[in-house]
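Breakdown of the fold
Chain residues, written in single-letter form:
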Amino acid sequence: MVPGEGQIMTNLRRGALEYCILALVRDGERYGLDIARELTDGVLMAGEGTLYPLLSRLRKGGLVASSWQESESGPPRRYYRLTPDGRAALDTFEKTWQPFRDAVDRVLAAGRA
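Presented here is a report on the structure given in the accompanying data block. Treat the numbers as computed from the prediction; the structure is a model and nothing was measured.

1. Describing the packing of helix α1 (residues 5–24) against helix α3 (residues 51–60)
It is the contact of α1 with α3, at a shortest axis distance of 11 Å, that shows an interaxial angle of 75°. Here α1 is positioned roughly perpendicular relative to α3, judged by the angle of their axes. The residues of α3 that touch α1, namely those facing Leu-17, Glu-18, Ile-21 and Leu-22, are Leu-51, Leu-54, Leu-55 and Leu-58. Tallied by class, the residues present in the contact of α1 with α3 amount to seven nonpolar, no polar and one charged.

This is the structure we're talking about:
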């Protein structure tokens, strides 16, 4: 059976999405909905339903921390921030990602030649 575009995209997202989240909270706290808006483009994340379980897993893994803050326009909101372990994980991913991406691009280009 030949994998379809959806299955390939799911596999690619599974490996990279959590690091995209870590990158978004690298410079300060972000509200979950703001993170979702940044990632929900049909490529990185199909919908918000994926985000909150992933944020919970990152929090339980010690890569992000969260705090509740009052909102001027409704109920309190949970904000997420990078922990030192999260920063270390993101740094490691960034060091690994570019050589990996370059290798995949090189192989794909060689296959066209």
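There's more to say after this.
2. Section: the pairing of strand β2 (residues 64–71)
Taken together, the seven bridges between β2 and strand β3 (residues 74–82) define a ladder with antiparallel strand orientation. Paired with Ser-71 across the bridge in β3 is Gly-74. Linkage of β2 to β3, two consecutive antiparallel strands, is achieved through a turn of two residues.

3. Some thoughts on the pattern of salt bridges
All told, the structure shown has five salt bridges when counted by the stated rule. Between Arg-26 and Glu-94 there is a salt bridge, and its shortest N-O distance comes to 3.1 Å. Of this pair, Arg-26 sits in the loop between α1 and β1 (30–31) while Glu-94 sits in helix α4 (residues 84–112), placing them 68 residues apart in sequence. In this structure, Glu-38 and Arg-30 form a salt bridge, with 3.4 Å as the shortest nitrogen-oxygen distance.

4. Brief notes about the pairing of β3
With two bridges joining them, β1 and β3 adopt antiparallel strand pairing. Looking at β3, one finds that Tyr-31 is bridged to Tyr-79.

5. Notes on the side chain of Ser-71
Within the secondary structure layout, Ser-71 lies in strand β2. Reaching out from Ser-71, the side chain makes a polar contact with the backbone nitrogen of Ser-73 at a distance of 3.1 Å. Aside from chain neighbours lying at most four places away, what touches Ser-71 is Pro-76 and Arg-77.

6. Observations regarding the environment of Ala-103
Here Ala-103 lies in helix α4. A C-alpha to C-alpha distance of 27 Å links Ala-103 and Thr-40, two positions 63 residues apart in sequence.

Procedures and definitions
- Residues numbered from 1 in each chain as written.
- Predicted model: local features only at pLDDT ≥ 70, side-chain atom pairs only at ≥ 80, totals over all residues.
- Heavy atoms only, no water.
- Axes fitted to C-alpha atoms, helices over the stretch in contact; angles between N-to-C directions.
- Helix = DSSP H or I, 4+ residues; strand = E, 2+ residues; numbered from the N terminus.
- Parallel < 35°, antiparallel > 145°, perpendicular 65-115°, else oblique.
- Contact = heavy atoms within 4.5 Å.
- Nonpolar A, V, L, I, M, F, W, Y, C, P; charged D, E, K, R; others polar.
- Pairing = 2+ DSSP bridges.
- Salt bridge = Lys/Arg side-chain N within 4 Å of Asp/Glu carboxyl O.
- Polar contact = N/O pair within 3.5 Å; in protein donor to acceptor, adjacent residues only side chain to side chain.

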